[in-house]
Every structure is written in structure tokens, then in C-alpha cells.
Amino acid sequence: MSQIIKVIGIQQTCSTEKAQSFEITKTLIKQASKQSPDLIVLQELHATDYFCQTQEPNKFDLAEPLDGPTAQFLSAQAKNSNAVIVGSIFERRAAGIYHNTALVFERDGSLAGFYRKMHIPDDPGFYEKYYFTPGDPDGFEPIQTSIGKLGVMVCWDQWYPEGARIMALKGAQILIYPTAIGWDDTDTPDEQTRQKDAWIGVQRGHSIANNLPVVAINRVGHEPDPSNQSSGIKFWGHSFITGPQGEFLDIAEHQETCLIQAEIDFNKTEKTRRIWPYFRDRRIDAYTGLQSRYIKD
């Protein structure tokens, strides 16, 4: 029997004020709900601007507990839209322990589960190690929902095939990557294109290598650098959804607020794995080096 779900991703701009970001998101979720989706996916840290461009202690005031205002907002939106929603918060777990956390809410507004970002970048304009503690070692765990098992990860995780593979081995039926990635205006147009194409390509690779659909939702808009050390970040959008062979089901070929959508048949993973039996032919006896930082000759 076919298990088909309708997925809608929301690509949007964000505000420094949570209330304003909530209004933008709420309007787009209301628009999406008219199409009766089973799953709505939001981007990374959608409640605020991307505050990691600088290192400022007062930014920790933006953090919330798992049941804080953003979680309550997402819960209400899931219930109102009758859809499973994947959202994002800056989580305060305890004094001095903060995470970049994805939350998954059921159709009835209950919390189905959460995922704490495992790979944390630290680059000019993306000073996430200052703010976020990596997720716990057992963090690559699919989240069971009424529509299936969701392999949710966050942004920088999308560059690592290990996380995608572990999620797939644990039975994830779809890989989901809320994202906040953009360009430095000093990069040449050719370099910007290479970066965007690499971002799309590596995630299509996860889709192909694991025979799983992928949903990658990025933010859009230019956000200035508060320190004026750079011109800020232009988030490149281009959110997309693939099928289990990496084929595009929908893609936003621009940097504008929009919805992307697709129908995903989970049973296609079974059919594809019968033709392309990567999992059968894995040499699990020969992969011990993957847990090493570096392997010398």
C-alpha cells in the first residue's frame, strides 16, 4: 500500500523581533495549510535573525527552554494546521549549556521529539561554537510521528554523510535539514554559485546514497552584520525537496519568500533499494577507521 505524504517547506525572511518573525511564519503556515499538508518544515532559527554573525553575551537572552514561547507557538500552529511541523529554537538547556535545536510537533500540538545540532561550525560570520553546545553522542535518532520516522538534522550537519547514514540505518523514512546558509558579498559570482551548487549536491548525495527523500529549507534575505566587520550575509534560499534517487521534486530557484511542496511516497525507498542495494553491499567489516580523527599511512 502506498504511503504518500504531502510536504510543504517554508522559505522566509526573519526579524530581530520574535513577534514579527512569528507573524511572518504564521501567515505562511496559514497559506500552506490551505493545501492540507501532512508535514510542514521551517528553516533554522526562524524566530529571530541569524544572531551568530557576532559574539555577544547578551544574545544568550534569546534562548528558551524546550517548552518556551517559540515551542508554544509551533505547537499551536501544528494543531491549527493539522500537520506535523518541524521548527527550530535556540535552546537553553541549563546555565551555560545552549543548543541549536529542532523541534517536531504532532498534528495535535504535542511534542513528538527534538534534535540538538551535532556539528557546530565556527567561521567568520557563523560563530556558532560561541553559542551552541553540540548534541549528545546518541543524537542521531529518528523521531517517530504519525506520518513516519523523521531523520531531522540541522544545517552544518548536512555536509556530513555519517549523520545521514546513521539516521537511515535507524529507519528514518525522510531526511530533513532546516538551514541558514548564505553568501559573503565579497565572494565572486562564480564562487557563490560553486558554494550553492555544493550545498545542493551534497544533500542530493545523501538522498541517493540512502535512497531517502530529502527536505532542505533555507532562509532568505540580507541580514547586516551588527559589528560592521562585514557586509552581512545574503541567505541564498534555493530550498528543495528530492525523491529517493536525488531527483528534484521541487526547488525554489531564487532568494525570495515562498512555499515549496511535493508528494512523497515512502514506499519508493523499498523499491529503489531493491534495484540499488547499497545497504546489502556495505562492507561493515572494513569501516572501523571511520571513528578515527585521521588515519595515517
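Note that the coordinates shown come from a computational prediction; the quantities given were computed from them, not determined experimentally. (Residues numbered from 1 in each chain as written. Predicted model: local features only at pLDDT ≥ 70, side-chain atom pairs only at ≥ 80, totals over all residues. Heavy atoms only, no water.)

Visitor: Explain empty space enclosed by the protein here, please?
Guide: Space left empty within the atom packing is revealed by a probe, the size of a water molecule, rolled over the atoms. What the rule picks out here adds up to one cavity of 30 Å³ or more. By volume, the largest cavity is sized at about 70 Å³. Looking at the largest cavity, the residues that line it are Lys18, Leu45, Ala47, Thr48, Phe51, Leu62, Glu64, Thr70, Ser88, Ile89 and Phe90. Take the lining of the largest cavity: its biggest share by element is three residues, from strand β3 (residues 84-94). Within the lining of the largest cavity, the residues separate by chemical class into six nonpolar, three polar and two charged. (1 Å grid on protein atoms, 1.4 Å probe; cavity = no way out; pocket = protein on both sides within 12 Å on 5 of 7 lines; lining within 4 Å. Points joined across faces, edges and corners; volume = space filled by probe spheres on them. Helix = DSSP H or I, 4+ residues; strand = E, 2+ residues; numbered from the N terminus. Nonpolar A, V, L, I, M, F, W, Y, C, P; charged D, E, K, R; others polar.)

Visitor: Please clarify how the environment of Leu28 should be interpreted in this entry.
Guide: In this structure, Leu28 sits in helix α1 (residues 18-33). Separated by 17 residues in sequence, Leu28 and Gln11 place their C-alpha atoms 9.0 Å apart. The residues contacting Leu28, other than those within four sequence positions of it, are Ile10, Gln12, Thr257 and Leu259. (Contact = heavy atoms within 4.5 Å.)

Visitor: Explanation requested: the pattern of salt bridges in the structure shown.
Guide: Pairing between side chains of opposite charge can happen when their charged atoms approach one another. In this structure the tally under the stated criterion is 13 salt bridges. Put simply, Asp136 and Arg93 hold a salt bridge, and the shortest N to O gap is 3.1 Å. With a gap of 43 residues between them, Asp136 in the loop between α3 (128-131) and β6 (143-145) and Arg93 in strand β3 connect regions that are remote in the sequence. One salt bridge in this structure joins Asp197 and Lys196, with 3.0 Å as the shortest N-O distance. (Salt bridge = Lys/Arg side-chain N within 4 Å of Asp/Glu carboxyl O.)

Visitor: What should I look at first to understand the sheet that holds strand β14 (residues 248-251) in this one?
Guide: Two strands in a sheet stick together by hydrogen bonds in their backbones, pointing the same way (parallel) or opposite ways (antiparallel). The six strands are arranged β6-β7-β8-β10-β13-β14 in an open sheet whose pairing can be described as mixed. Across the chains shown, the open sheet's two edge strands, defined by having one partner strand only, are β6 and β14. Here the strands of the sheet are splayed against their neighbours by 20° on average, with no regard to which way each runs. As paired strands, strand β13 (residues 240-242) and β14 are joined by three bridges and run antiparallel to one another. When the bridges of β14 are listed, Thr242 appears paired with Phe248. Helix α5 (residues 189-210) contacts β8 (174-178), β10 (214-217), β13 and β14 of the sheet and is inclined by roughly 25° relative to β13. (Pairing = 2+ DSSP bridges. Axes fitted to C-alpha atoms, helices over the stretch in contact; angles between N-to-C directions.)

Visitor: I would appreciate a short explanation of the nonpolar core in the present structure.
Guide: As a rule of thumb, nonpolar side chains are buried together in soluble globular proteins. Counting residues in each nonpolar core, the largest one holds 45 residues, and the members touching the most others are Leu39, Leu150, Leu175 and Ile176. With sequence-adjacent residues up to four places away left out, Ile176 is seen in contact with Leu39, Val41, Val86, Leu150, Gly151, Val152, Met153 and Val215. (Core = buried A, V, L, I, M, F, W, Y, C linked by side-chain atoms within 4.5 Å. Buried < 20%, exposed > 50% of the residue type's maximum accessible area, 1.4 Å probe, protein only.)

Visitor: What exactly am I supposed to notice about the sheet that holds strand β15 (residues 258-265) here?
Guide: One open sheet accounts for six strands, arranged β5-β4-β3-β2-β1-β15; its pairing is mixed. Edge positions in the sheet fall to β5 (111-116) and β15, since each has one partner strand and no second. Sheet twist, expressed as the mean angle between neighbouring strand axes with direction ignored, is 30°. Pairing geometry for strand β4 (residues 97-105) and β5, over five bridges, is antiparallel. Bridged to Ala102 within β5 is Tyr115. Of the strands in this sheet, β2 (39-41), β3 and β4 are in contact with helix α2 (residues 69-81), which crosses β3 at around 165°.

Visitor: How do you make sense of the environment of Ser88 when you look at a structure like this?
Guide: Within the element layout of this structure, Ser88 appears in strand β3. Separated by 91 residues in sequence, Ser88 and Thr179 place their C-alpha atoms 9.8 Å apart. A polar contact is formed between the side chain of Ser88 and the backbone nitrogen of Leu45, at a distance of 2.8 Å. (Polar contact = N/O pair within 3.5 Å; in protein donor to acceptor, adjacent residues only side chain to side chain.)

Visitor: What should I look at first to understand the side chain of Ser88 in this one?
Guide: For Ser88, a relative accessible area of 2% gives the class buried. If we skip the residues at most four places from it in the chain, Ser88 touches Gln43, Glu44, Leu45, His46, Thr70, Leu74, Asn100, Thr101 and Ala102.

Visitor: Explanation requested: a nonpolar patch on the surface in the structure shown.
Guide: Side chains of Ile284, Tyr287 and Leu290 sit close together on the surface and give an oily, nonpolar patch of about 330 Å² of accessible area. Along the polypeptide, Ile284 turns up in the segment after α6 (267-275). Overall, the relative accessible area of 61% leaves Ile284 in the exposed class. (Patch = residues over 30% accessible without salt bridge, like charges linked within 9 Å, V, L, I, M, F, W, Y side chains within 5 Å. Areas by Shrake-Rupley, 256 points an atom, 1.4 Å probe, with all protein chains shown as cover.)

This is a description of form; function is not addressed.
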